[in-house]
Amino acid sequence: MLENGDLIFVKDDSNIGQAIQESTGHYSHVAIFLDGQVYHATVEGGVLAQDPEDFFEAGKVYDLYHYEQIDGAEVKKRAESLLGAPYNASFYPDGDGFYCSQFVAEILPIFETIPMKFGDGEQEISDFWKDYYRELGLPVPLNQPGTNPSQLAASPLLVCKERNLHDSDF
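Owing to the predicted nature of the structure, the values given are computational and were not obtained by experimental measurement.

Peer 1: Would you mind going over the layout of surface pockets with me for this structure?
Peer 2: Empty space among the atoms becomes apparent when a probe as large as a water molecule is rolled across them. Space inside the largest pocket adds up to approximately 650 Å³. Put simply, the parts of the chain that give the lining of the largest pocket at least two residues each are helix H1 (15-24), strand S3 (37-42), strand S4 (46-50), helix H2 (52-55), helix H4 (100-107) and strand S6 (114-115). Considering every element that reaches the lining of the largest pocket, the biggest residue donor is H1, with five residues. Here the lining of the largest pocket is built from residues that sort into 18 nonpolar, 13 polar and six charged.

Peer 1: Sorry, what's going on with the packing of H1 against helix H5 (residues 127-136) here?
Peer 2: Packed helices, taken two at a time, are described by their axes: the angle between them and the distance between them. As a packed pair, H1 and H5 sit with axes 10 Å apart at the nearest point and diverge in direction by 120°. Here H1 is positioned oblique relative to H5, judged by the angle of their axes. Of the two possible hands of crossing, H1 and H5 adopt the one that is left-handed. Between H1, through Asn15, Ile16, Ala19, Ile20 and Ser23, and H5, the contact on the second element is made entirely by Phe128, Trp129 and Tyr132. Looking at side-chain class alone, the contact of H1 with H5 contains six nonpolar, two polar and no charged residues.

Peer 1: How do you make sense of unusual backbone geometry when you look at a structure like this?
Peer 2: Among all residues save glycine, negative phi is the norm, and among peptide bonds the norm is trans. A positive phi angle, near 70°, is found at Asn143, a position not held by glycine. Topologically, Asn143 is positioned in the loop between H5 and strand S7 (145-146). Here Asn164, not a glycine, exhibits a phi torsion of approximately 60°, which is positive. Considering the arrangement of structural elements, one finds Asn164 in strand S8 (residues 158-165).

The rules behind these values
Each chain has its residues counted from 1, running along the sequence as written. It should be noted that, the model being predicted, local features are given only for residues of pLDDT at least 70 and side-chain atom pairs only at 80 or more, the latter also being counted only at that level, while totals for whole chains, interfaces and linings use all residues. The side-chain quantities take in all heavy atoms of the structure and omit both hydrogens and water. Throughout, the protein atoms alone are placed on a 1 Å grid, and a set of points is a cavity if a 1.4 Å probe fits but cannot get out or a pocket if it is open with protein on both sides within 12 Å along at least five of seven lines; lining residues have an atom within 4 Å of a point. Grid points are joined across faces, edges and corners, and a volume is the space filled by probe spheres set on the points. Helix and strand assignments follow DSSP, with helices taken as H or I runs no shorter than four residues and strands as E runs no shorter than two, numbered in order from the N terminus. Polar here means any residue outside two lists: the nonpolar Ala, Val, Leu, Ile, Met, Phe, Trp, Tyr, Cys and Pro, and the charged Asp, Glu, Lys and Arg; Gly therefore counts as polar. The axes used here are C-alpha line fits, helices contributing only the stretch in contact, and every angle between their N-to-C directions lies in the interval 0 to 180 degrees. In this scheme, roughly parallel covers angles under 35 degrees and roughly antiparallel covers those over 145, while 65 to 115 is roughly perpendicular and the rest are oblique. Crossings are classed by handedness, with left-handed meaning an anticlockwise turn of the near helix from the far one by less than a right angle and right-handed meaning a clockwise turn. Note on contacts: a residue pair qualifies if any of its non-hydrogen atoms lie within 4.5 Å across the two residues.

See the structure below:
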């Protein structure tokens, strides 16, 4: 089912997952499948490569997209060069390391940046993000250039392959 270069978009119900989805759309995380490994940026481990059985988790929903013109060898070379980079928890464009969609956009440079959003449909900046940035001691980077998983998935350059998959489907 997984093919080299597939982008894996994740929906989950963790607190931060819900906050990202409320602010940006359907997805809270994105990863890419290259040569049998899932490459992505995580809070816990920064940029890493995992076996698929370690990546897919119960309770999360996955959609697969593909970029037909991908140069898998070049994208993998870029991904491998960033392994071990820290997680960019600030989401600032010049922050140290990478957050998930920033990592994917870096290794597959087909995506534009957009103004970052942190609202929840009622407030321009949700209570979750106000608390998150208060703990970081930083202002919320509202309207700073960035990316998010839902924005990447909406790219006309991607083709949706499968929707609403669960860990048992892999």
